[in-house]
Amino acid sequence: MDRRDFLLHCAGGAAAAALGAHPAPEAVAAPGPRGDRMAWWREARFGMFIHFGLYSGPGGEWHGTPTGSHEWMRHNARIPDDEYRRLADAFAPAALDADAWVRAARDAGQRYVVLTTKHHEGFALFHSDVSRYTTAHTPLRRDVCAEVARACRAHGLELGWYYSIMDWHHPDYLPRREWESRDATGADFARYVAFMKAQLHELLTRYGDVAVLWFDGQWESTWTHAAALELEAYCRRLMPGVIINDRIDVAPPAAPPPGYRRAGDYVTPELTVPERGLPGQDWETCMTMNRNWGYAKDDPDFKSVPTLVKLLVETASKGGNLLLNVGPDGDGRIPPPSLEGLAGMGAWLRTNGRAIHGTVASPFAAPLPRAAGAAPVRVTRRERALHLFLETWEGGPVVLPGVREAPRSVRVLGAEGTPVAWARTPDGIALTMPERGPDLLVPVVEVAFASPVRVGS
Ligand code: GLC
């Protein structure tokens, strides 16, 4: 997404946040067709993004020189089309195992997968009747999308397709990169749109149920709001229940005219979790595990398991989903540090998943303070329970401001014998943790009530 686009998302969120704390779950889960199709996605909270393409082999290195931002390699290193396409002639990921990718997602507690079916480079991971620039015409010859779709079905995950509107390879795509040597005479963007629709038709009719369409590369001058609305309607005709991200559309105008509706179902802040969530909107933070989307030989900077768990907690407590990326290497292997991160999250979620999956944002406007020096406590909510995410046991009591009802039970997930005392105070229910508790990564205290959680009078 481009920066302007993202800032506009944030502006919308900040305005909504200024109106008060997060809306109650029933307000977010509005009934009607959009509410219906979003239901599984809102429950899911956690998905896997997979960036895989021709760029995965070089891993960000072109003729021994680092190119930066690796799936952008062709653009960054200004590689001529005929030279870049030699990567397709040699594309043969020897260890490609879509089932292993999806098992890693399932075991991490991820509920859906979004695969780059065609990134900005224009190369498709699926067999296509309208293009030869696909895995079918490489030494691999396999349809990677079909394999991922089959694995998702086998392991019970929802399937999502990433598809880039921008295409650096197709002769009809405009604008051309300013450094491109291929002549643009005769190029016809309308013909490119027809090509894109033909590919989307393939993606939406050949692989069974597709739950998410994740567009990208929508920011160039040729793409318009009208085209986005048309494409959205086209995709929905083919797959009525499909959820579509906001990047199908261009950034909204500064002063939207009456009746304006941005195409898409949810917004996609990139590499950041919005300060106060985006109350009233569905949103998903997409995040890398190191600093790159595509496989990066020169980037060992992987996030630790505690960092990843806290990221998921932060996202869920603000009411959003986390789409966490992996970039398999040229052989098709997910880098070991990513697998370790996923396994660590899976282990944590096996105990604490009920505090993430199927929850909504904290009812409190900010994390709950503790004694000076202790990290404030993030919260998620179910109809009759609140979940408190601690970073340490010590740090004094936590007050649930405005909560008057006596809890029915208070327990530490996975360490049920841990004593947590509660008491009524004028400000709300106060919980006191033991000074020293079991050695858990981000312990979760579940506070359950006999009736739906109420905050305030
Ligand atoms: C950006 C980048 C792209 C990446 C995407 C993921 O739009 O252009 O390379 O795939 O973000 O969110």
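Fair warning: this is a prediction, and the values are worked out from it, not measured in the lab. (Residues numbered from 1 in each chain as written. Predicted model: local features only at pLDDT ≥ 70, side-chain atom pairs only at ≥ 80, totals over all residues. Heavy atoms only, no water.)

**Q** For this particular structure, what's the right way to read helix α8 (residues 144-155)?
**A** Each α-helix turn comprises 3.6 residues. Residues three or four places apart therefore point the same way. Spanning 12 residues, α8 covers 17 Å between terminal C-alpha atoms, matching the ideal 16 Å at 1.5 Å per step. For α8, a buried count of nine out of 12 residues is recorded, marking the element as mostly surrounded by other parts of the structure. Here α8 has its buried residues at V144, C145, A146, E147, V148, A149, A151, C152 and H155. Its side-chain oxygen placed 3.0 Å from the backbone nitrogen of C145, D143 serves as the N-cap of α8. (Helix = DSSP H or I, 4+ residues; strand = E, 2+ residues; numbered from the N terminus. Expected span 1.5 Å × (residues − 1). Buried < 20%, exposed > 50% of the residue type's maximum accessible area, 1.4 Å probe, protein only. Polar contact = N/O pair within 3.5 Å; in protein donor to acceptor, adjacent residues only side chain to side chain.)

**Q** I keep staring at the nonpolar core and nothing clicks. Help me out?
**A** Generally speaking, a soluble globular protein has its nonpolar side chains buried in company with each other. Core analysis: the largest hydrophobic core is formed by 93 residues, its most contacted members being W161 and F215. With eight residues, helix α9 (residues 189-205) is the single largest residue contributor to this core. Shared between two domains, this core takes at least three residues from each, and those domains are domain 1 (3-355) and domain 2 (378-448). What F215 contacts, discounting residues up to four positions off in sequence, is Y163, I165, L200, L231, C235, I244, N245, R247 and I248. Counting residues in each nonpolar core, the second largest holds 21 residues, with F364, L368, A415 and I429 among its members. (Core = buried A, V, L, I, M, F, W, Y, C linked by side-chain atoms within 4.5 Å. Domains from an automatic or database assignment. Contact = heavy atoms within 4.5 Å.)

**Q** Which parts of the structure should I look at to understand the side chain of N292?
**A** Secondary-structure assignment places N292 in the loop between β8 (284-287) and α11 (305-317). Taking relative accessible area as the criterion, N292 reaches 9% and is therefore assigned buried.

**Q** Would you explain the domain arrangement of the protein in this entry?
**A** How big an interface is tends to be stated in terms of accessible area lost as the parts join. Partitioning the protein into domains gives domain 1 (3-355) and domain 2 (378-448). Taken together, the 16 residues of domain 1 in the interface contact 15 residues of domain 2. Each partner contributes to the roughly 1,400 Å² buried at the junction of domain 1 and domain 2, and carbon and sulfur atoms together form 64% of this total. Between R378 and E314 there is a salt bridge, and its shortest N-O distance comes to 3.9 Å. At the boundary of domain 1 and domain 2, one finds five residue pairs in polar contact (both at pLDDT 80 or more). For the side of domain 1 that touches domain 2, the elements supplying multiple residues, two or more each, are α11 and α12 (336-352). Take the side of domain 1 that touches domain 2: its biggest share by element is eight residues, from α11. (Buried area = accessible area lost by both parts, 1.4 Å probe. Salt bridge = Lys/Arg side-chain N within 4 Å of Asp/Glu carboxyl O.)

**Q** Hey, could you run me through unusual backbone geometry in this one?
**A** Glycine aside, the phi torsion of most residues is negative, and most peptide linkages are trans. Of note, the amide linkage connecting L174 to P175 takes the cis form, showing an omega dihedral of 0 degrees. On the secondary structure map, P175 appears in the loop between β5 (158-164) and α9. Positioned with a positive phi, H63 is a non-glycine residue whose angle comes to about 50 degrees. Positionally, H63 belongs in the loop between β2 (61-62) and β3 (65-66).

**Q** Is there a simple way to think about the pairing of strand β1 (residues 46-50) in this case?
**A** Consecutive side chains along a regular strand alternate between the two faces of the sheet. Buried residues dominate β1, accounting for five of its five residues. Here β1 shows a buried face lined by F46, M48 and I50 and a second buried face lined by G47 and F49. Bridge count for β1 against strand β4 (residues 112-118) is four bridges, and the pairing is parallel. Bridge pairing in β4 links G47 to Y112. (Pairing = 2+ DSSP bridges.)

**Q** Would you mind going over the environment of S131 with me for this structure?
**A** If you trace the backbone, S131 turns up in the loop between β4 and α8. Setting aside residues up to four positions removed in sequence, S131 forms contacts with H137, F195 and Q199.

**Q** I tried to follow the sheet that holds strand β16 (residues 428-432) on my own but got confused; where do I start?
**A** Picture the strands of a sheet paired through backbone hydrogen bonds; they go either parallel or antiparallel. Spatial strand order, β13-β16-β15: three strands in an open sheet with antiparallel pairing. The open sheet terminates on both sides in strands that have one partner only, identified here as β13 (398-401) and β15 (421-425). Mean inter-strand twist for the sheet, computed between neighbouring axes without regard to direction, equals 25 degrees. The sheet contact formed by β13 and β16 spans four bridges and is antiparallel. Across the sheet, the residue bridging to V398 is L431, located in β16. (Axes fitted to C-alpha atoms, helices over the stretch in contact; angles between N-to-C directions.)

**Q** Got a minute to help me understand the packing of aromatic side chains in this structure?
**A** One pair of aromatic rings is described through two measures. These are the centre distance and the angle between the planes. Summed over the entire model, instances satisfying the criterion amount to 18 aromatic pairs. Both rings, one in F49 and one in Y162, keep their centres 6.0 Å apart while their planes meet at 50 degrees; by these two values the pair is tilted. Of this pair, F49 sits in strand β1 while Y162 sits in strand β5, placing them 113 residues apart in sequence. Three or more aromatic residues joined by ring pairs make a cluster, and in this case those are F52, F91, W101, F123 and Y133. Taking NZ or CZ as reference, K197 lies 5.2 Å from the ring centre of Y234, over its face. (Phe/Tyr/Trp six-rings, centres within 6.5 Å; stacked < 30°, edge-to-face > 60°. Lys NZ or Arg CZ within 6 Å of the ring centre and 35° of its normal.)

**Q** Honestly, the packing of α11 against α12 in this entry has me stumped. Any pointers?
**A** Where α11 meets α12, the axes come as close as 9 Å, and the angle between the chain directions of the two elements is 55 degrees. Relative to α12, the element α11 is oriented oblique. Of the two possible hands of crossing, α11 and α12 adopt the one that is right-handed. Between α11 and α12, the contacting residues are V305, L308, V309, L312 and V313 on the first element and E340, G341, G344, M345, W348 and L349 on the second. A per-class count over the contact of α11 with α12 returns eight nonpolar, two polar and one charged. (Parallel < 35°, antiparallel > 145°, perpendicular 65-115°, else oblique. Left-handed = near helix turned anticlockwise from the far one by under 90°. Nonpolar A, V, L, I, M, F, W, Y, C, P; charged D, E, K, R; others polar.)

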